[in-house]
Amino acid sequence: METKSSRIKDSISYIVLILLSIAFLGPIFIVLMNSFKGKFYISDTPFLFPNSTTFSGLENYIGGIAKTDFMSAFGMSLFITVFSVAVIVLFTSMTAWYITRVKTKFTNMLYYVFVFSMIVPFQMVMFTMSKVANIIHLDNPIGLIFIYLGFGSGLSVFLFSGFVKSIPIEIEEAVMMDGCNPVQAFFSIVLPILKPTAITVAILNVMWVWNDYLLPDLIIGTEFKTIPIAIQYLKGGYGSIDMGAMMAMLVLAIVPIVIFYLSCQKYIIEGVVAGAVKG
Amino acid sequence: MEKSIKKYFALFALPTLLAFSVAFLIPFILGIVLSFTEFTTVTDAKWVGLSNYIKAFSNQEFINALWFTVKFTVLSVITINVFAFLLATMLTRGKKGTNIFRTIFFMPNLIGGIVLGYIWQLILNGILYYFDVTLTFDAKYGFWGLIILMNWQLIGYMMIVYIAGIQNIPKDIIEAAKIDGAPRFQILRNVTIPLVMPAITICLFLTLSNSFKLFDQNLALTAGAPSKQTTMLALDIYNSFYSKTGWEGVGQAKAVVFFVLVALIALVQLVITRRKEIEN
């Protein structure tokens, strides 16, 4: 039933989609283009291609990396993200299994407290949390990972608990009858079954921790910088920005995300949908 | 079995519980208590009753931020969901190349708020340059800038949720409506929309809470300029804590109010979802 009018409709919707794609990718492309222009040619004419006067080669990148100490910010972001997410996945899956399988008033209450924490905005605990972290000396990268475990546990325990409830308890009972202790049962039987949820939890937490600005800034910001902190600090004291360095650092901040996205796109989209539906 | 697991409390539950207490539980309770006191370092708190709350509500900056946040939230929730839904219907007709478009539209969602803010600062200032103004010249530019930014970031995310919802509709229902000769718009209104209602509820509340709690994008795009007119609630609370001396207690009171508002939104969502589940 391919009629002429439906073909026209088809082409129109393709044209609309292509125009929208340009609108979605355009801003990133414009930043990329400007990262190769001299810093005084960016603010006024961001939509022009670099030409022989405005082209500055890799100057912005070299200057920007030096100015923001980008390499150590990148290393810090990577360190915090990898370890926080690993710790969150490991410990919250264990906790979720424990509070789902051990049925007492206490574990039941815990579950609701975890769920409750999901709706509390960060600003509510921001000041007191950074003071507490200060007092018990958690104001360092390792301490920050511990805080991420605490602050991320609400959503992660919630997601894991939902899945544990659907696992038939007989499997675990059978294994423990055979003489496995709970630790062995968890790591050899339960954790492998939890893998799809573990991927969802990992993806959601990677996206959160990698991009997070305020929490790391409050806890370790005076000594260490992650990528978002390094970018925010490019803005000088009087609102002046080295636009060249800014453009180059924005590009360097986006590249790892694009690589991550394109290499595990399927998991990311599935994980985000699962997180949205259950969360 | 339960008994043997119970013995392993220290291994399975304690690490998470300790972290959770330090990062959330203790600061949360402390936060509520401190909102009734005057303090600078948490340890020097002095009871002042409701005076922080009175100060918060008589603080023009707070009221402005609240009003700005509400306006911004309403507008961005509507625009994001309309565009995302339209895109989702375009991308679920089984045409070639829809996967590529999906990939492209979703991508901005992965970029962090600070980076997004500076990307759009460049673009919007570049456009406004032709009109001889900048983003921080007038609050309305910052307002619309934030709306555009938020749309760019969240349309793809919501589109993905809508696509999942639309794909869950059994194909034969739509086919049956088509065979009965129902016009496309009627199919959309009477078949598609009621059946994707769960997805709509999810998206409305995701956009609602994301917009209402916005901080990073606000800080990077305008930082509240000009003269704090584009400051949203989260940024106003931050400013009370960190750029006004002696305002820590008031900041904490504002934070409690902020929390109550967010909790109300979540409560409404819970009630609506529960009611939907009972209906079905």
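Conventions and cut-offs
- Residues numbered from 1 in each chain as written.
- Chains lettered and ligands numbered in written order.
- Predicted model: local features only at pLDDT ≥ 70, side-chain atom pairs only at ≥ 80, totals over all residues.
- Heavy atoms only, no water.
- UniProt positions renumbered as here; feature names shortened; annotations may be inferred.
- Helix = DSSP H or I, 4+ residues; strand = E, 2+ residues; numbered from the N terminus.
- Phe/Tyr/Trp six-rings, centres within 6.5 Å; stacked < 30°, edge-to-face > 60°.
- Buried < 20%, exposed > 50% of the residue type's maximum accessible area, 1.4 Å probe, protein only.
- Domains from an automatic or database assignment.
- Axes fitted to C-alpha atoms, helices over the stretch in contact; angles between N-to-C directions.
- Left-handed = near helix turned anticlockwise from the far one by under 90°.
- Contact = heavy atoms within 4.5 Å.
- pLDDT = per-residue confidence, 0-100.
- Parallel < 35°, antiparallel > 145°, perpendicular 65-115°, else oblique.

An unreviewed UniProt entry annotates chain B as Carbohydrate ABC transporter membrane protein 1, CUT1 family of Paenibacillus macquariensis. Word for word, the UniProt comment on chain B under Sequence similarities (unreviewed entry) is "Belongs to the binding-protein-dependent transport system permease family."

The name given to chain A in an unreviewed UniProt entry is Carbohydrate ABC transporter membrane protein 2, CUT1 family, and the organism recorded there is Paenibacillus macquariensis. Under the UniProt heading Subcellular location (unreviewed entry), the entry covering chain A gives this text: "Cell membrane".

Caption draft 1: Up close: the UniProt feature "transmembrane region" (unreviewed entry) in chain A. All names here are of chain A. In the UniProt entry, the feature "transmembrane region" (unreviewed entry) is given for residues 12-33, 78-99, 111-130, 142-164, 185-210 and 243-262. Secondary structure over residues 78-99 splits into 100% helix and 0% strand, and the C-alpha atoms at its two ends are 31 Å apart. Structurally, residues 243-262 comprises 100% helix and 0% strand, and the distance from its first C-alpha atom to its last is 28 Å.

Caption draft 2: Expanded view of the packing of aromatic side chains. Enumeration over the complete set of coordinates arrives at 40 aromatic pairs over all chains. Pairing A:Phe116 with B:Phe24 gives two aromatic rings, centres 6.4 Å apart and planes at 65°, and the pair type is edge-to-face. In this pair, A:Phe116 sits in helix α4 (residues 105-119) while B:Phe24 sits in helix α3 (residues 14-34), so the two residues belong to two different chains. Using a relative accessible area of 30% as the deciding quantity, one classes A:Phe116 as partly exposed. Given a relative accessible area of 1%, B:Phe24 falls into the buried group.

Caption draft 3: Representation of the domain arrangement of chain A in the model. On domain assignment, one finds that chain A holds domain 1 (4-57) and domain 2 (69-233). On a C-alpha basis, the centroid separation for the pair domain 1 of chain A and domain 2 of chain A is 39 Å.

Caption draft 4: Quick peek at the packing of helix α5 (residues 60-90) of chain B against helix α11 (residues 197-212) of chain B. All names here are of chain B. As a packed pair, α5 and α11 sit with axes 9 Å apart at the nearest point and diverge in direction by 145°. In the crossing of α5 with α11, the sense of the turn from one axis to the other is right-handed. Taken together, the residues of α11 that come into contact with α5 (itself represented by Thr69, Phe72, Thr73, Ser76, Val77, Ile80 and Asn81) are Cys203, Leu204, Thr207, Leu208, Ser211 and Phe212.

Caption draft 5: Fine view of the confidence of the model for chain A. For chain A, the average pLDDT comes to 90, and 97% of its residues sit at 70 or higher. At the level of individual helices and strands, chain A shows its lowest average pLDDT in helix α13 (residues 265-278) of chain A, which scores 84, and its highest in helix α3 (residues 70-101) of chain A, which scores 96.

Caption draft 6: Representation of the UniProt feature "transmembrane region" (unreviewed entry) in chain B. All names here are of chain B. UniProt records the feature "transmembrane region" (unreviewed entry) at residues 12-36, 65-88, 100-123, 143-166, 187-208 and 255-272, using the numbering of this structure. The distance from the first to the last C-alpha atom of residues 100-123 is 25 Å, and the span holds 75% helix and 0% strand. Across residues 187-208 one finds 95% helix and 0% strand; the C-alpha atoms that close the span lie 27 Å apart.

Caption draft 7: Structural view of the UniProt feature "domain: ABC transmembrane type-1" (unreviewed entry) in chain B. Taking the numbering used here, the UniProt-annotated feature "domain: ABC transmembrane type-1" (unreviewed entry) corresponds to residues 66-269 of chain B. Here residues 66-269 of chain B is 75% helix and 0% strand, with 21 Å between the C-alpha atoms at its ends.

Caption draft 8: Here's a closer look at the packing of α3(A) against α4(A). Residues and elements named next belong to chain A. The contact between α3 and α4 brings their axes to 8 Å, and the two run at 135°. Between α3 and α4, the angle is such that the two are oblique. For the pair α3 and α4, the sense of crossing is left-handed. Between α3 and α4, the residues in contact are Thr95, Tyr98 and Ile99 and Thr107, Leu110, Tyr111 and Phe114, respectively.

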